[in-house]
Amino acid sequence: MSGSSRVVAVLGPTNTGKTHYAIERMLGHRTGVIGLPLRLLAREVYDKIVAIRGPSVVALVTGEERIVPPRTQYWVCTVEAMPEGMGADFVAIDEIQLCADPERGHVFTDRLLRSRGTHETLFLGSDTMRGPIAALVPEAQFVRRERMSQLVYTGSKKISRMPARSAIVGFSVNNVYAIAELLRRQKGGAAVVMGALSPRTRNAQVDLYQNGEVDYLVATDAIGMGLNLDVNHVAFSSLSKFDGRRMRPLAPNELAQIAGRAGRGMSDGTFGVTGEAAPLDEGVAQAIMDSRFTPMKKLNWRNAALRFGTIEALIDALEVSPQGENLVKARPADDLNALKSLSQVTEVVARASDGPSVRLLWDVCRIPDFRGISHAEHAGLLEVIFGHLHERGSIPDDFMARQVRRIDRTDGDIDALSKRLAYIRTWTYVAQRNGWVRDESHWRDETRTVEDRLSDALHERLTQRFVDRRTSVLLRRLKQKEALLAEVNDKGEVTVEGEFVGRLEGFRFSPDKAAQGAEAKALKSASLQALAPQFHLRADRFYNAPDTEIDFTDQGGLMWGEYAVGKLVAGAEPLKPMVEVFVDEAAGPDVEQKVQRRLQHFIDRKVAALFEPLLNLSRDEELSGLAKGFAFRMVEALGVLPRARVAQEVKDLDQDARGALRKHGIRFGQFTIFMPLLLKPAPTRLRLVLWALSSGLQEFPEAPPPGLVTVPVAKDAPQGYDTMCGYRDAGDRSIRIDMLERLADMLRAEDSRGGFEAKPDMLSITGMTLDQFADLMQGLGYKAERGEREKVKAAPAEAPTTEAAEQAAAEETPATEGAPEVVTAPAEAPAEATESTEAAAEAPTAQPASDEPEVEVFYTFTWGRQRQQNRGPRREQGQGKGKPRGKPQDGRKPQGRKGGKPQGAKSFSSRPPKKEKAIDPDNPFAAALMGLKGGN
């Protein structure tokens, strides 16, 4: 290099490598300074140079950060923080076109006019600056660099159709957040980059984008200032911005600066609009693609020759107008506005009475308004800071500690953290000024630590709000057509590539309910693809599972443990239900067929085990004629038939037919024909489900609790429900049919015409109080007449025990041995079914006075229905009217009473004596015969 200073303006569009060229040129010199428009970009360049030369020779100086090693050779700074008078060999100013910026332009213009390297000076920027630079810096040489890739306009696109590796640009915080939220729902998330973010937060967000965790970036126009990102497409959500005073449309060169971020190196890029932004004018779009813009003519300028004698003199110097046609007076910046405000404060004016005090006041006024609250509040804060510096020479430690401690909190949402970051930036700036605090190292570290902590918290909140990691990961892997790794834990929780995506419930995948809309659709698509191997593994395990792991519900569902895997549907016959499986389509037909076969095997075996007597009956080839037809009716009715429904069929059965049916466990009761083995809880539960299926019920009624003799009548139950449960409705309660038959046996010995009272054994087997028993009897067709009388206390020995009564009843009805075990002792009767028998036996009584006899309530029962053939308990005395007495329906010969004469017109030989079993219980006229017997 020659000893003379070389000034070069390297101009051209974006993606020409200008900044990279400047770094190379600077490192070719012994010392150098480079000024950059953003502290974010300054940090990026600093990191690059440190990677090449090491941290010991590289300094970073911005408004809020100062890293200056003792052996510094290269200074990376924001333009405002560039040191003056250093005499560095090399000086570079990036984005020199910002000389025209209304807010900061005067600073860039000052560097253009006054900053020079002793050996080389570079101005980097847009080609629109050629005219002003040529006029103001006549010695400058010009180098034009062409864009390394093409930039193509693609028009308007919806955000939902935005291609991957896109940056969507907004010009307000609210706009940026709204776009990022929409991208999270539809595309899995987006990184957020704004100029107001701290470098630490910005870098963390950029890393999300650069390493591929998200495919979208939402940013302000800050990305137009040289930030190097792998962006393929830039979309503008708006074409206007607020410049601090008003909303104004963006100029074509400003649009080009941002759009030019698309395409890196030799890769082409595209740009367009989205959202509410109108499509670009054809001429504007073409100008951006060709990098042809109106040349700049006026640069913002502010006087750098300041006078610090008085506040008024300083203000006058700052308001001097420029000379020359290429410069225009800059509008009052925040620092000048603050100075004017403080010049109206008497105490400030009194303190700023000499040159050093005025210079100090000006330095304080140059503290940026990071908080952006109001000019008055900002001026008030500056007044306090100036007071401390002027009076004490530095800001007190306790004052700094209070300010920092108030801000050092990481709770709250994005807005709260952003405000705290803006506040801490003020004190970070203060701590960076030489001599403003006593322990500069401590406060620089303290404020930097708090800013880092807030930055990390803000990054976390931004990521939580705007990035759905799992969706973005899954979508990216799907696009790359990579095999996804899914895992299912013992709780059914599904993770794909380590991200929780939902639950596998049996053979159906349930996505995480937190996902909605397009996010949920993408999540399910990726998850089902990854779960394909898991479905096959689970199907194999299910097929080999024992029947004890599978069950059916009262509503016909089929469960594998806690998971619903199918449901029962009606088949061709009640005892042959079919299966409908719950298997995701993505599992494939093989899995579906395997689950189908396993469930069908389960229900077939369950029916075969629980309805074995009924199935044996249906397969008995020895049955013929009426017996075979009756067996079909029993199978069709699932083993329980009300006698009234088949009265004629029962009557037509001869003795041999009945005997053949009894061999299969059929009992011909007075009220019901049933198979006692099928009254147990398990067959009853399945019978209700099969009956509901064959009846086409939408909602299946549940079985009564097992072990109860009587239960309340189910309101609004389908017709036939009580029979399928193994009960018969009588009054307000239903009584189990096997217990009803035992009660009928007892009633045969009573005078139904003349009237009888309830015996303790009757109350015992039903487990009812006297009033409840009266209601039951009325439900069975009896009349119950209530009365009161003086209570006669019987000797305890004369009353048979409940146990004895139960045993006697069991001996009288051997056909009920296969029925469910029933608790009949009054003290053991379930609370849902009845009160205790002891209370029932005592019955409600009037409360007599101590000298009055005790009164008890009793009921007299008489048969109350009209005489109808084969309907309920038959008439006692008038049985034979209009109909000759003949052979009983079951073929057995009637027996007379012991020691009496045979009744009727014919004589019959009696059977061998049987324990008080004089009349066939299957005879529908048994009650009437017993009445005649009692009458004789």
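Residues numbered from 1 in each chain as written. Predicted model: local features only at pLDDT ≥ 70, side-chain atom pairs only at ≥ 80, totals over all residues. Heavy atoms only, no water.

Q: Would you explain the environment of D101 in this entry?
A: With respect to the helices, strands and loops of the structure, D101 is situated in the loop between β6 (90-93) and α3 (105-114). On the basis of relative accessible area, D101 is assigned to the partly exposed category, the value being 24%. The sequence separation of D101 and A330 amounts to 229 residues, and the corresponding C-alpha distance is 9.2 Å. (Helix = DSSP H or I, 4+ residues; strand = E, 2+ residues; numbered from the N terminus. Buried < 20%, exposed > 50% of the residue type's maximum accessible area, 1.4 Å probe, protein only.)

Q: Before we go on, may I ask you to explain the nonpolar core in this structure?
A: One recurring pattern in soluble globular proteins is that nonpolar side chains are buried together. Among the nonpolar cores identified, the biggest contains 68 residues, and F507, L617 and F630 are the most heavily contacted of them. Those residues in contact with L617 that lie beyond four places of it in its chain are L623, A631, M634, V635, L661, H664, I666 and M675. Ranked by size, the runner-up nonpolar core spans 62 residues in total, among them I159, A379, I395 and I424. (Core = buried A, V, L, I, M, F, W, Y, C linked by side-chain atoms within 4.5 Å. Contact = heavy atoms within 4.5 Å.)

Q: Mind showing me how you'd approach the environment of T463 here?
A: Relative to the helices and strands, T463 is located in helix α16 (residues 440-466). Under the relative-accessibility criterion, T463 is labelled buried at 7%. Along the primary structure T463 and G189 are separated by 274 residues, whereas in three dimensions their C-alpha atoms are 8.3 Å apart. Of the polar contacts made by the side chain of T463, one reaches the side chain of Q205; its length is 3.5 Å. (Polar contact = N/O pair within 3.5 Å; in protein donor to acceptor, adjacent residues only side chain to side chain.)

Q: Help me understand the sheet that holds strand β2 (residues 32-36) in this model?
A: Hydrogen bonds along the backbone pair up the strands of a sheet, which may run parallel or antiparallel. Strand order in the open sheet formed by eight strands is β4-β3-β5-β2-β6-β7-β1-β8, and the pairing between neighbours is mixed. With partners counted over all chains shown, the strands left at the sheet margins are β4 (66-67) and β8 (141-144), one partner each. With four bridges joining them, strand β3 (residues 58-61) and strand β5 (residues 74-78) adopt parallel strand pairing. What sits directly across from V58, in β5, is Y74. (Pairing = 2+ DSSP bridges.)

Q: Can you walk me through helix α10 (residues 334-342) in this structure?
A: For α10, the set of buried residues is D335, L336, A338, L339 and L342. Angularly, the buried residues of α10 cover 160° about the axis, an arc narrow enough to put them on a single face. Those residues of α10 that are buried are in contact with α9 (311-318), α11 (346-351), α12 (355-365) and α13 (375-392). (Arc of directions from axis to C-beta.)

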